[in-house]
Amino acid sequence: MATPFYITTPIYYVNARPHLGHAYTTISADVIRRYHEMVTDETYFLTGTDEHGDKVMRAAKNENLTPREYVDKISSLFKNLWPELHISNDQFIRTTDKNHILVVKKILQQIYDTGDIYYSEYEGQYCFGCERFYTDRELVNGKCPDHETKPEIIKEANYFFRMGKYQEWLIDHIQKHPDFIRPERYKNEVLSFLKEPLDDLCISRPKSRITWGITLPFDENYVTYVWFDALLNYISGLGYPDGELYTKYWPVSQHIIAKDILKPHGIYWPTMLKAAGIPIFKHLNVHGYWNVDQSKMSKSLGNVIDPLELKNVYGLDAFRYFLLREMAFGLDSSFNEEALVSRLNSDLANDLGNLFSRVLAMAHKYFGGEVPDFDTDTEKDFDLGLEAHAGKAIAAYQEHMPQFAFHKALVAVWEFIGELNKYIDVTTPWVLAKNKTQRKQLETVIYNLLEGLRVISGLIYPVMPQTAEAMQKHLGIPPDKTFFKIQGLKKWKTLKPKTQLPKSISLFPRVEATTGTPASGPTRNEKAPPSGKPEITIDHFTDLDLRVGTITHCEPVPRAKKLLKLEVDIGEKRTIVSGIAESYTPDDLLGKQVIIIANLKPAKLMGVKSEGMILAAVDGEKVVVATLDHTVAPGTKVS
Ligand code: ME8
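Residues numbered from 1 in each chain as written. Predicted model: local features only at pLDDT ≥ 70, side-chain atom pairs only at ≥ 80, totals over all residues. Heavy atoms only, no water.

Draft legend 1. Representation of the environment of Asp72 in the model. Inspection of the secondary structure assignment puts Asp72 in helix α3 (residues 67-84). With 133 residues separating them along the chain, Asp72 and Arg205 place their C-alpha atoms 23 Å apart. (Helix = DSSP H or I, 4+ residues; strand = E, 2+ residues; numbered from the N terminus.)

Encoded structure:
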């Protein structure tokens, strides 16, 4: 039976345009939602915008717009961005929505009636950026830690929520539910904050100062403090108190936020719910910051990165993959475009993209593009643990995904991709193809590889939905979303033999960074090379045409003790004579990928024309051929 799953993002302030930080949180919510759909959960995903308060009023004024005109304009930037990033939210809530306003008033009245909201005069240090009072303890060198500005002293009569009353209850709840706030470091942070006495929370702002907000139901002269208003979106969006969605999804609610808003979510929100007699949410999932040059990305620091720009340059799925793979959920990460390019080229273009195109190319070359049949007898010899590796990857994936450890889940998937690449190296289908008696073996090998790709396409679906669907199409699987269900992925050998496959496509073309210095560029102050050879410029180096080649045949050269004659596939066939016979036998080398200098002038060695040279380390008598970490397409350029 389907289990409900409810995920929310913060509702973003409309005083700034969406940036990479907002995109990360919202993509994470989308990924976890898609994952839960894969395990047959019924899901609901809420995001939206936070539109009241002083900040917004001031931003509107700066643009000569009324607050209403201004919030409509910026809110639509968020709303229109999400489909472009393949975010599949069910609802986009705005705190200016009528229903939300009704719910806020209802809850305020409810808590006021129980006596947990009271009126009092207060003088305190107020940060206009955060729209809240700060205690001395919370300030860093007398300044707001977020805005790095000195707060102003404000004396006002206001309404207060008896938050302090719920301190012991909250500590107890967190201790009894150790994964209520996760990862653990944030649970500890909240508990450490709760070691000090918890002040009551000022939940009103006088209209003499701010008018853009929800009027308190029990005093016309005040509007509601933005946080007390905004947090309630998580239940107003579900139709609290008696909406069907509320009944179904609130008991399983999970929030994602970054650490900047841990206190409102870890302390204000549960105590507000408790005071209103509403069950509290199930998990608060907290991630770190995307930083640029050690500083948090933010509008005020002027270092924001536009997600649309990256998506347009590198492709949506590559962008989504990078964000989720690069950041360990819970820790900070530094955004760097070169790191993005490097991940894209290594993980996507080389590991996954090449595997996919190689396997499909072989299916076309050897079987006319049909899924081959597999032979049960041969299977015993040619499974080589592949099915077990698939099972291991799925198990690790299922362990990490529900914990929001996306990076670990992706590592598990890429380990399996590595196994598939190794499987090609070990089974050498091109050698099997040469021998008619090994046809059955070849069928089984290609079948297993296609089957492995089927599993991969399912596992990458939450992060890269477009790529998953493209792979699915090229593996001849009918376009049906149930294909991505974990149960189906766990079954091995579900591809139908004789299915005709469309011609392969390139999933991820290799890319160059649009900014920054290429990683291979020369650096200043480089030491002289250890060989004592003259220093060269990058131009000398780029004159070399270095390519990856797969050794497809190898035999000794008669009467030459040191020489082997190799046939190397670099996208075309090359014969290379190499002096490595004392370190390698022909069998050692078959199927290996090596690096060759492809534009070396041909030379004759012992009567055999050699069309290139293999790179190797020469360690005394021993020669060690340079190989690659992962398999790539023959002919791939080395730079
Ligand atoms: O706080 N790295 O809205 P907000 C990672 N309206 N995530 C980041 C980020 C960064 N550098 N910058 C922003 C608000 N985020 C309130 C929320 S909820 C009831 C009210 C993401 O526009 C991250 O999710 O300042 C962070 O928590 C959120 O945007 C803050 O968004």
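Draft legend 2. Geometry of the site of the ligand. The environment of the ligand is formed by 24 residues, the closest being Ile11, Thr25, Asp50, Asp260 and Trp290. Interatomic distance of 2.9 Å between a backbone N/O atom of Tyr13 and an oxygen atom of the ligand. Backbone polar atom of Ala258 to an oxygen atom of the ligand: 3.0 Å apart, as the coordinates give it. Relative to its free-state accessible area of 670 Å², the ligand is covered by the protein chains to the extent of 95%. At the level of elements, β1 (4-13), α1 (20-38), α7 (226-230) and α8 (233-236) are the ones that each hand at least two residues to the shell around the ligand. (Near = heavy atom within 4 Å. Polar contact = N/O pair within 3.5 Å; in protein donor to acceptor, adjacent residues only side chain to side chain. Areas by Shrake-Rupley, 256 points an atom, 1.4 Å probe, with all protein chains shown as cover.)

Draft legend 3. Quick look at the packing of aromatic side chains. Taken as a whole and assessed by the stated rule, the structure comprises 36 aromatic pairs. Ring geometry for Tyr321 against Trp414: centres 4.8 Å apart, planes inclined by 35 degrees, an arrangement best described as tilted. One end of the pair, Tyr321, is in helix α12 (residues 316-326); the other, Trp414, is in helix α16 (residues 406-427), and 93 residues separate them in sequence. The class for Tyr321 is buried, based on a relative accessible area of 1%. Over the ring of Tyr134 we find Arg132, and its NZ or CZ is 4.0 Å from the ring centre. The ring of Tyr289 has Lys259 lying over it, and the distance from NZ or CZ to the ring centre is 4.7 Å. (Phe/Tyr/Trp six-rings, centres within 6.5 Å; stacked < 30°, edge-to-face > 60°. Buried < 20%, exposed > 50% of the residue type's maximum accessible area, 1.4 Å probe, protein only. Lys NZ or Arg CZ within 6 Å of the ring centre and 35° of its normal.)

Draft legend 4. Region of interest: the pattern of salt bridges. One pass over the full model with this rule turns up 28 salt bridges. A salt bridge links Lys73 to Glu63; the nearest nitrogen and oxygen atoms lie 2.6 Å apart. Placement of the pair is Lys73 in helix α3 and Glu63 in the loop between α2 (54-62) and α3, with a sequence separation of ten residues. For the salt bridge of Asp116 with Lys165, the shortest nitrogen-to-oxygen distance reads 2.8 Å. You can see Asp116 sitting in the loop between α4 (98-114) and β4 (117-127) and its partner Lys165 sitting in the loop between β6 (152-161) and α5 (167-176), a full 49 residues away along the chain. Taking the relative accessible area as the measure of exposure, Lys165 reaches 52% and is therefore exposed. One salt-bridge network, held together by shared partners, links Glu51, Arg68, Asp72 and Arg94. (Salt bridge = Lys/Arg side-chain N within 4 Å of Asp/Glu carboxyl O.)

Draft legend 5. Representation of the sheet that holds strand β15 (residues 295-296). An order of β15-β14-β16 is seen for the three strands of this open sheet, with the pairing classed as mixed. Whereas interior strands pair on both sides, the edge strands pair on one side only; in this sheet they are β15 and β16 (333-334). As paired strands, strand β14 (residues 290-292) and β16 are joined by two bridges and run parallel to one another. Paired with Asn291 across the two strands is Ser334, which belongs to β16. (Pairing = 2+ DSSP bridges.)

Draft legend 6. Summary view of the side chain of Thr575. Checked against the element boundaries, Thr575 lands in strand β19 (residues 573-578). Under the relative-accessibility criterion, Thr575 is labelled buried at 15%. Here Thr575 is in contact with Lys565, Leu566, Glu567, Val608, Lys609, Ser610 and Glu611, once residues within four sequence places are set aside. (Contact = heavy atoms within 4.5 Å.)

Draft legend 7. Broad picture of the sheet that holds β4. The strand order β5-β4-β6-β8 describes an open sheet built from four strands, whose pairing is antiparallel. The strands lining the two open edges of the sheet, one partner per strand, are β5 (132-134) and β8 (201-202). When β4 meets β6, the two strands line up antiparallel, connected through ten bridges. Paired with Tyr126 across the bridge in β6 is Glu152. Along the sheet, helix α10 (residues 262-275) contacts β5, β6 and β8; its crossing angle with β6, the most-contacted strand, is approximately 30 degrees. (Axes fitted to C-alpha atoms, helices over the stretch in contact; angles between N-to-C directions.)

Draft legend 8. Seen up close, the environment of Ile7. Here Ile7 shows up in strand β1. Contacts of Ile7, omitting those with residues within four sequence positions, involve Ala29, Ile32, Arg33, Tyr44, Phe45, Leu46, Gln254, His255, Ile256 and Phe404.

Draft legend 9. Spatial organisation of the packing of helix α15 (residues 386-400) against α16. One way to put it is that α15 packs onto α16 with a least axis distance of 8 Å and a crossing angle of 170 degrees. The angle between α15 and α16 falls in the class roughly antiparallel. Together, Leu386, His389, Ala390, Ala393, Ala396, Tyr397 and His400 of α15 and Lys408, Ala409, Ala412, Val413, Phe416, Glu419, Leu420 and Tyr423 of α16 make up the contact between the two elements. Taken together, the residues of the contact of α15 with α16 break down into eleven nonpolar, two polar and two charged. (Parallel < 35°, antiparallel > 145°, perpendicular 65-115°, else oblique. Nonpolar A, V, L, I, M, F, W, Y, C, P; charged D, E, K, R; others polar.)

Draft legend 10. Molecular detail of the nonpolar core. By size, the foremost hydrophobic cluster in this structure holds 107 residues, and its most contacted members are Leu352, Trp414 and Leu450. No other element matches helix α13 (residues 337-367), which puts 14 residues into this core. Ignoring anything within four residues of it in the chain, the contact list for Trp414 reads Tyr321, Asp347, Leu348, Asp351, Leu352, Ile460 and Met464. Core analysis: the second largest hydrophobic core is formed by 62 residues, Ile117, Tyr166, Leu232 and Val286 among them. (Core = buried A, V, L, I, M, F, W, Y, C linked by side-chain atoms within 4.5 Å.)

Draft legend 11. Structural view of α2. Buried residues of α2: Asp54, Lys55, Val56, Ala59 and Ala60, and no others. Next to the buried residues of α2 lie β1, β2 (42-50) and α3. The first or second residue beyond α2 is Asn64, which carries a positive phi of 55 degrees.

Draft legend 12. Region of interest: the environment of Ser88. Mapped onto the fold, Ser88 is located in the loop between α3 and β3 (91-94). Distance from Ser88 to Ser346, taken between C-alpha atoms, is 28 Å for residues 258 residues apart in sequence. If we ignore the near neighbours within four places in the chain, the residues touching Ser88 are Asp30, Arg33, Arg34 and Phe45. Looking at Ser88, its side chain comes within polar contact range of the side chain of Asp30, at 2.6 Å.

Draft legend 13. Here's a closer look at the state of the cysteines. A complete count under the given rule lists zero disulfides for this structure. Looking at the unpaired Cys130, the closest cysteine sulfur is the one in Cys144, lying at 3.7 Å. With a relative accessible area of 10%, Cys130 lands in the buried category. (Disulfide = S-S within 2.5 Å.)

Draft legend 14. Broad picture of the side chain of His22. Inspection of the secondary structure assignment puts His22 in helix α1. Not counting the four nearest positions on each side in its chain, His22 is found in contact with Tyr12, Arg17, Phe78 and Trp82.

Draft legend 15. Broad picture of unusual backbone geometry. The omega torsion across Arg182 and Pro183 is -5 degrees, close enough to zero to call that bond cis. As for its position among the elements, Pro183 is in the loop between β7 (181-182) and α6 (184-193). In this model, Tyr240 is joined to Pro241 through a cis peptide bond whose omega is 5 degrees. Along the polypeptide, Pro241 turns up in the loop between α8 and α9 (244-249). In this structure, Asn141 is a non-glycine residue whose phi angle is positive, near 50 degrees. By the secondary structure assignment, Asn141 is in the loop between β5 and β6. Judged by its relative accessible area of 76%, Asn141 is exposed.

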